[in-house]
Amino acid sequence: MTSTPPVQAGSRADASPAWTVTARPVDDPVSAMLLREYLVDVADRYYRLHEARDSTPEEIERALAEMPSDDLAPPHGVFLLARHDGELAGCAGMRLLDARLMDARTAELKRVYVRPAKRGLGGGAALLAAVEAAAVGLGAGRIVLDTRLDLVEARGLYARHGYREVPAFTDGPYAEVWMAKELG
C-alpha cells in the first residue's frame, strides 16, 4: 500500500482543523466505495438537470466501467482519501499526463469529492493541497482539470485555490470548463 504523510488542514476559524489526507490504493474497497459515491453524486446532478431524474444503478455501473480510475495509482498517479475528525469524508485523484498529449510535467486532477455532510469545512482545500503536493513530488509543474458548468461549487473551489480557466484540452462529453494551475 502506498502512503503519504497525513496532511492537517483547516479552512476557517470556526472549522475543525482535523482533516487528514492519506494515499490509498484506488482499488481498495474503501476507495471504490468513495469513487462510487462521487460518481452517483455527479451523475445524479447531471440527470436532474438534463432529464429531471436520478441516475440508475445500471448507468453507474456502465460509467464505472467506461471511466476507470486505475491510472490514479503509482508510479504515475495517486488516489487520496480525506478524513474529518477520523470519519471518512472525501477523495481526490491525480495522474501524470502522457507527454505526447501535453507537457511532460503536467498532472491532471480527477474525482474530487467531499461527502455532502462534510462540505464547507475545508475538505476540498485539504484534498487540493495534498494532490498538488503529490503532483510536485512526481515532478509536475502544472496541474489541469476539466469539469462541468453545473458543478459551480467545484469551480468556485478551484478558482479560490489559484486555478484559472484555460482553452479546452479534452473533448469528453462532460468537459465544459478547463482549468489549470502552475505549481511552484
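See the structure shown above.
Residues numbered from 1 in each chain as written. Predicted model: local features only at pLDDT ≥ 70, side-chain atom pairs only at ≥ 80, totals over all residues. Heavy atoms only, no water.

Could you give an account of the overall build of the protein, with specific residues and numbers?
Of regular secondary structure, the protein possesses four helices and seven strands. Listed by position from the N terminus, the elements making up the protein come as β-α-α-β-β-β-α-β-α-β-β. The proportion of buried residues among the 184 residues of the protein is 43%. For the protein, the proportion of contacts with a sequence separation of at least 24, taken over those separated by at least 6, is 60%. (Helix = DSSP H or I, 4+ residues; strand = E, 2+ residues; numbered from the N terminus. Buried < 20%, exposed > 50% of the residue type's maximum accessible area, 1.4 Å probe, protein only. Contact = heavy atoms within 4.5 Å.)

So what about the packing of helix H1 (residues 29–51) against helix H2 (residues 57–66)? Which residues, and what values?
Packing of H1 against H2 leaves a shortest axis separation of 10 Å and a crossing angle of 120°. As for how H1 packs across H2, the hand of that crossing is right-handed. Of H2, the residues touching H1 (which contributes Arg36, Leu39, Val40, Ala43 and Tyr47) are Glu59, Ile60, Glu61, Ala63 and Leu64. Taken together, the residues of the contact of H1 with H2 sort by class into seven nonpolar, no polar and three charged. (Axes fitted to C-alpha atoms, helices over the stretch in contact; angles between N-to-C directions. Left-handed = near helix turned anticlockwise from the far one by under 90°. Nonpolar A, V, L, I, M, F, W, Y, C, P; charged D, E, K, R; others polar.)

Before we move on, can you summarise the pairing of strand S2 (residues 77–84) with the specific residues and values?
Burial runs high along S2: seven of the eight residues are buried. Pairing of strand S1 (residues 19–23) with S2, which is carried by five bridges, proceeds in the antiparallel orientation. Directly across from Thr20, in S2, lies its bridge partner Arg83. Across eight bridges, S2 lies against strand S3 (residues 87–96) in antiparallel orientation. (Pairing = 2+ DSSP bridges.)

Can you lay out the environment of Asp150 for me, pointing to particular residues and giving the numbers?
Looking at the element boundaries, Asp150 is found in the loop between strand S5 (142–147) and helix H4 (152–160). Between the alpha carbons of Asp150 and Val177 there is a distance of 9.9 Å; along the sequence they are 27 residues apart. In this view, Asp150 contacts Arg45, Tyr46, Leu49, Arg155 and Glu176; residues no more than four positions away in its chain are not counted.

Break down the pattern of salt bridges for me, citing the residues and quoting the values.
Evaluated as defined, the whole model comprises 16 salt bridges. A salt bridge links Asp28 to Arg24, with the shortest nitrogen-to-oxygen separation between them at 2.6 Å. Given the relative accessible area of 26%, Arg24 is considered partly exposed. Glu59 is the salt-bridge partner of Arg53, the closest N and O atoms lying 2.6 Å from each other. (Salt bridge = Lys/Arg side-chain N within 4 Å of Asp/Glu carboxyl O.)

An account of H2 is needed here, citing residue identities and associated values.
Every buried residue of H2 is listed here: Glu59, Ile60 and Ala63. For H2, the angular spread of the buried residues around the axis is 100°, confining them to a single face. Summarising the geometry of H2, the exposed residues directed more than 90 degrees from the buried face are Pro57, Glu58 and Ala65. Looking at the buried residues of H2, the elements they touch are H1. (Arc of directions from axis to C-beta.)

Give me the sheet that holds strand S7 (residues 177–182): which residues, what numbers.
Spatially, seven strands are ordered S1-S2-S3-S4-S5-S7-S6 in an open sheet, and the strand pairing comes out mixed. Either end of the sheet is taken by a strand with one partner, and the two such strands are S1 and strand S6 (164–165). The pairing of strand S4 (residues 106–114) with S5 spans three bridges and is parallel. Counted as the bridge partner of Glu108 is Val144 from S5.

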